[in-house]
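# Coordinate analysis (summary)
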Amino acid sequence: MTTSKSNWFDLKLLCPLLIAAACLWDAGMRFFPERIQTFRAWESALPMATAEGDFRPLLVYDNPQAFGDLSNLANCESCRVSRRERFTTDTRGFRNPPGDSNPYTMVLTGDSFGVGSSLSDEDTLSRQLDRILPGQHVYNASAQKPQWGYALKIIEAQGIRNSFLIWEHAQLHPFPTGPIDPPLSTQRRLAQKLGGGKEPTWYPAASGALKWARAWFTFSPLKMTVQRGLRHAELHGILPSGSPSQVSRVTLTNGQPMLSYDAELEAIRNPSKPDLAFFRSLRAAVRETGNELLVVLMPSKYSVYGPLMRNPPLAIPASPLADAESALRSAQIPVLDLTPALRRGAASALKAGQLIYHADDTHWNPAGVGEGSREIAKFLKDLGLSLQSKPEQKN
Amino acid sequence: MLFNSVGFLVLFLPITYFVFWHLTTRSQRYVWLTLTGYLFYSFWSVKFCALMALSTAVSYIAGLGFLKWDDDPYRRKLCLIIPVTFDLLLLAVFKYANFTLSNFESLSQALGWQLAVPHYDIVLPVGISFYTFHTITYIVDCHRRVITPTRDVFEFSCYVSLFSQLVAGPIVRFREIEKDLEHIGHPDRDGLLGRGWSMFAIGMIKKVLIADTIATIIDPALRDWRALDTPGAWLCSLGYAYQLYFDFSGYSDMAVGLGMMFGLRLPQNFNSPYQALGIGDFWRRWHISLSSVLRDYLYIPLGGNRFGEFQTHRNLIVTMLLGGLWHGAGWTFIVWGGYHGALLSVERLLGKRTLLPAQFQKAGTFLLILIGWVFFRAENFEMAWGILGRMFVNFHIGTAIPSAATLVPMLLIAGGFSHFGPNTFQLKHDWDVRQSLGWAVLFAVCVLIVYGGKPSPFLYFQF
């Protein structure tokens, strides 16, 4: 009954060898360009984030045929809009030109809109603000969600004064709550205990090594490749579709098709309310550094294009972010809702058959960022605060 | 941690395997398997490990009690009652407390009482139904003197927490594995290895390629069950019947295969159940380890068939009702159990008076089982009656369920194997080169799917 064969074709050898081969393949693929495994930069940038930021440090991702997250989510080949995407990160794992010696004069923190998902480096909000605001150089400390702690550190490190911390908040996400100083992680608490109440000198190196090990074990290029293969098989009917795509196809008033993310509708139905205590504390912390906080409310695609859709699945309110804006304003927090400007921009672009959000992606396109950055620049000037700030010389 | 996860395949299994075979003594191997069992279990929750350790400790101590008070019937009775009560209490609290309270609340409202019945946020520890049955069968067998209790705490903890059968069985009785545990220190690594890998690979193929593919299509369709037409309802019911069989028997094959890699022979849990000639025959083939436990530890102690026809029918129905309840704290499970109890009872009344050819008996049995699975799968009675109504009463043809074109060939393959093919235990597992390569290709596809996707839990984990 029991097989006594001992050759290469025995399952007791073949099966473990196949598992080992998969491991080796996975390890080996780390040495190939990420573009092979991913359809856009975001998927390549998130794993192996071994520094402070959410992205792999010193990443240079260049894909001439990137396409949008929604066309991927919907697994719709015909919906893809191919574009070049160049995504570079600095040593800290944020999206800034590596080795940029020009001093930074302003900091932007936000989510994927702030990062510039599905945009090339030169089209991101921080770089467009650089071009619009003379003498300014914006550090992009955006990540998957705003990194205020790190943004404050950058302000300190760069000696930025009389300037702004721009906080970009996407409508899709809930506002942060709680204290602005997050509780210490177990890891850090343990280190402080070992260091007799102070953080030991070896902690940054140990924490970095731990982060690197965790990133190495959780990153799987083979997983990405197989997922692409499975989606391809689903697309061609070889495999059944795994899950509902959560993406809707909408038609604009000029007949142009567009993909939209269903979760955005929920954010419109049940809008998140800002925790004013949080923003007051954050503003106080920013002011302590000699700067000002500006909250920029970033509308979702449905909020911008709802009035321009033939049959929107929901009656989109005239001002979907108005409640959040007025709440923040009542708490003396400088706030700018980009919805009116982007709606205007979307309507006028549509007359020329153009879009300001990618048709196949959740995010804005270079034209949309242009509209947004002009509005932000105008608002900053209207605030009347000095925009001629120069970083203080740090010794 | 799941057998069909990357962590298990590339880290847990190789490390557990190589360390195990590098250890030389029986005690070392007991300790190692205990530790790995707890590590395996801790991936669900570390807190649950404490529960399992407690259940293990109580039963182990009771076992020592049986050894100490061999001639003292009173104390032996205590050694039986205390651990069994403890295990049943664990089940009652973690599995049935909220169900009981919510039923009590409904009843009190129906009677017009205004009682404030509390509800607790209790998480069901995965596998609790299985390891408590391991310890209960151990204690009862000790009391019945079927086995001699072990003095080796690690042998016992290794038996309870053995990772391959920890969370979804088979429900291994100590007596079934005792000999292999005694000889666990043997140096023959290759003895069962080939068969073990073969069982594991086939189990994985059953789970990942067949059960999960069917689930991908029928789960969304069943979520929207009101939209099902008659063919859709039939396809979903058949799909679930095959999904459940390939999922659970796939898991059992993997568990048995893993046991063999460590020199432990776990019992067969499925013996081509969809080829059964009747409901009694089905229960001798489906989840054999559970049905034999229910028979030996519930049906027979209730009196079995020894006290006349009425009591026999009563015992059958009570056993199956409790068997249904074991699967989940819900009325649909109880009805499913009661339905099988009633079928067994009717089958007993009819006796062996059947003139139908075997293939018709098999088809009829499968149809009855299929109806039962509708209750087993349904989230509530509305869903169950709705689907049965579409299948048997309200015939209509509407929109086909998505991916029906993929589902139909999958059902034909799954049905072909389960109705006409041999089961994994009937295979010789002595493959020639071509067969080995065929299995290896399918296994490689499974490994890639496991790599690429989120591992899908086995259906029986929820019980």
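Residues numbered from 1 in each chain as written. Chains lettered and ligands numbered in written order. Predicted model: local features only at pLDDT ≥ 70, side-chain atom pairs only at ≥ 80, totals over all residues. Heavy atoms only, no water.

### Focus: the pattern of salt bridges
Residues and elements named next belong to chain A. Cut-off, in case you're wondering: Between Lys or Arg on one side and Asp or Glu on the other, a salt bridge is scored when a side-chain nitrogen of the former is within 4 Å of a carboxyl oxygen of the latter. The way it works is that DSSP assigns letters per residue, a run of H or I at least four long becomes a helix, a run of E at least two long becomes a strand, and they are numbered from the N terminus. Here the term buried applies to any residue with accessible area under 20% of the maximum for its type, exposed to any over 50%, and partly exposed to those in between, with areas from a 1.4 Å probe on protein chains only.
One pass over the structure, following the stated rule, counts 31 salt bridges over all chains. As a salt-bridge pair, Asp62 and Arg84 come within 2.9 Å of each other at their nearest N and O atoms. Of this pair, Asp62 sits in strand β1 (residues 60–66) while Arg84 sits in strand β2 (residues 83–88); the two residues are 22 residues apart in sequence, bridging distant segments of the chain. Under the relative-accessibility criterion, Asp62 is labelled partly exposed at 25%. Between Arg127 and Asp130 there is a salt bridge whose closest N-O contact spans 3.0 Å. Here Arg127 and its partner Asp130 are both found in helix α5 (residues 125–132), three residues apart, which amounts to about one turn of the helix. Residue class for Arg127 comes out buried when judged on its relative accessible area of 11%.

### Remarks on the sheet that holds strand β5 (residues 164–170) of chain A
Residues and elements named next belong to chain A. Stated formally: Pairing between strands requires that DSSP locate at least two bridges from one strand to the other. The angle between two axes is taken between their N-to-C directions and runs from 0 to 180 degrees, where each axis is a line fitted to C-alpha atoms and a helix contributes only its stretch in contact. Here, residues are in contact when the closest pair of their heavy atoms is within 4.5 Å.
The five strands lie next to each other as β4-β3-β5-β8-β9, forming an open sheet whose pairing is parallel. With partners counted over all chains shown, the strands left at the sheet margins are β4 (138–140) and β9 (335–337), one partner each. Going from strand to strand, the sheet's axes swing by 20° on average, the running direction of each strand aside. Pairing of β5 with strand β8 (residues 292–298), which is carried by seven bridges, proceeds in the parallel orientation. Opposite Phe164, over in β8, you have Glu292 as the bridge partner. Along the sheet, helix α13 (residues 322–330) makes contact with β8 and β9, crossing β9 at roughly 165°.

### Comments concerning helix α2 (residues 26–42) of chain B
Residues and elements named next belong to chain B. How we decide: Expected span of a helix, by definition, is 1.5 Å for each gap between consecutive residues, and there is one gap fewer than residues.
Between its terminal C-alpha atoms α2 stretches 24 Å, which fits the 24 Å expected from 17 residues at 1.5 Å a residue. When we look at burial in α2, the residues that qualify are Arg29, Tyr30, Trp32, Leu33, Thr34, Thr36, Gly37, Tyr38, Phe40 and Tyr41. Contacts made by the buried residues of α2 are with α1 (6–22), α3 (46–68), α5 (128–143), α6 (153–161) and α7 (174–182).

### So, the packing of α5 of chain B against helix α11 (residues 288–302) of chain B
A packed helix pair is summarised by two numbers, namely the angle formed by the two axes and the spacing between the axes. All names here are of chain B. The condition that has to hold: Helix crossings fall into two classes, left-handed where the near helix is turned counterclockwise from the far one by less than a right angle and right-handed where it is turned clockwise. Amino acids outside the nonpolar list (Ala, Val, Leu, Ile, Met, Phe, Trp, Tyr, Cys, Pro) and the charged list (Asp, Glu, Lys, Arg) are all regarded as polar, and Gly is one of them.
Where α5 contacts α11, the axes come no closer than 12 Å and their chain directions differ by 35°. Seen along the crossing, α5 lies across α11 with a hand that is left-handed. Contacts between α5 and α11 involve Phe133, Thr137, Val140 and Asp141 on the former and, on the latter, Leu290, Val293 and Tyr297. For the contact of α5 with α11, the residue count by class is five nonpolar, one polar and one charged.

### Brief notes about the packing of aromatic side chains
Applied cut-off: Each pair of aromatic rings taken from Phe, Tyr and Trp, with Trp reduced to its six-membered ring, is defined by centres within 6.5 Å and is described as stacked if the planes are under 30 degrees apart, edge-to-face if over 60, and tilted in the remaining cases. Charge-over-ring placement is defined geometrically: NZ (Lys) or CZ (Arg) within 6 Å of the ring centre, and within 35 degrees of the ring normal.
Under the definition given, this model contains 70 aromatic pairs over all chains. Residues Tyr41 of chain B and Phe48 of chain B carry aromatic rings whose centres are separated by 6.5 Å and whose planes lie at 45° to one another, so their mutual orientation is tilted. For Phe48 of chain B, a relative accessible area of 13% translates into the label buried. For the cation-ring pair, Arg80 of chain A lies above Phe67 of chain A, with the distance from its terminal atom to the ring centre recorded as 4.2 Å. Lying across the ring of Trp326 of chain B, Lys95 of chain B places its NZ or CZ 5.2 Å from the centre.

### Section: the state of the cysteines
All names here are of chain A. The condition that has to hold: Pairs of cysteine sulfur atoms within 2.5 Å are identified as disulfides in what follows.
According to the stated counting rule, one finds one disulfide over all chains in the structure shown. Put simply, Cys76 and Cys79 are joined by a disulfide, and their sulfur atoms are 2.0 Å apart. Across the disulfide from Cys76 to Cys79, rotation about the S-S bond amounts to roughly 70°, and the bridge is consequently right-handed. Relative accessible area serves as the criterion here: at 5%, Cys76 is assigned to the buried category. Between Cys23, a cysteine without a disulfide, and Cys15, which holds the nearest cysteine sulfur, the sulfur-to-sulfur distance is 14 Å. Relative accessible area serves as the criterion here: at 27%, Cys23 is assigned to the partly exposed category.

### A closer look at the nonpolar core
Condition: Note on terminology: a nonpolar core comprises buried Ala, Val, Leu, Ile, Met, Phe, Trp, Tyr and Cys residues joined through side-chain atoms within 4.5 Å. All domain edges in this entry derive from an automatic or database-based domain assignment.
Grouped together as the largest cluster of nonpolar side chains are 150 residues, with contacts concentrated most on Phe8, Phe200, Tyr274 and Trp373 of chain B. When residues are assigned to domains, this core turns out to be shared by domain 1 (6–187) and domain 2 (192–462) of chain B, each giving three or more. Excluding residues that lie within four positions of it along the chain, Phe200 of chain B makes contacts with Phe3, Phe8, Leu9, Asp253, Met254, Gly257, Leu258, Met261 and Phe443 of chain B. Residues Leu108, Leu308, Leu336 and Phe379 of chain A belong to the second largest nonpolar core, which totals 42 residues.

### Looking at the domain arrangement of chain B
Residues and elements named next belong to chain B. Our working rule: Throughout, the accessible surface (probe 1.4 Å) given up by two parts as they are put together, summed over both, is called the buried area.
Once the domains are mapped, chain B shows domain 1 (6–187) and domain 2 (192–462). Just the C-alpha atoms count here: the centres of domain 1 and domain 2 sit 25 Å apart. Taken together, the contacts link 44 residues of domain 1 with 39 residues of domain 2. In total, about 3500 Å² of surface goes out of reach between domain 1 and domain 2, with carbon and sulfur atoms giving 70% of it.

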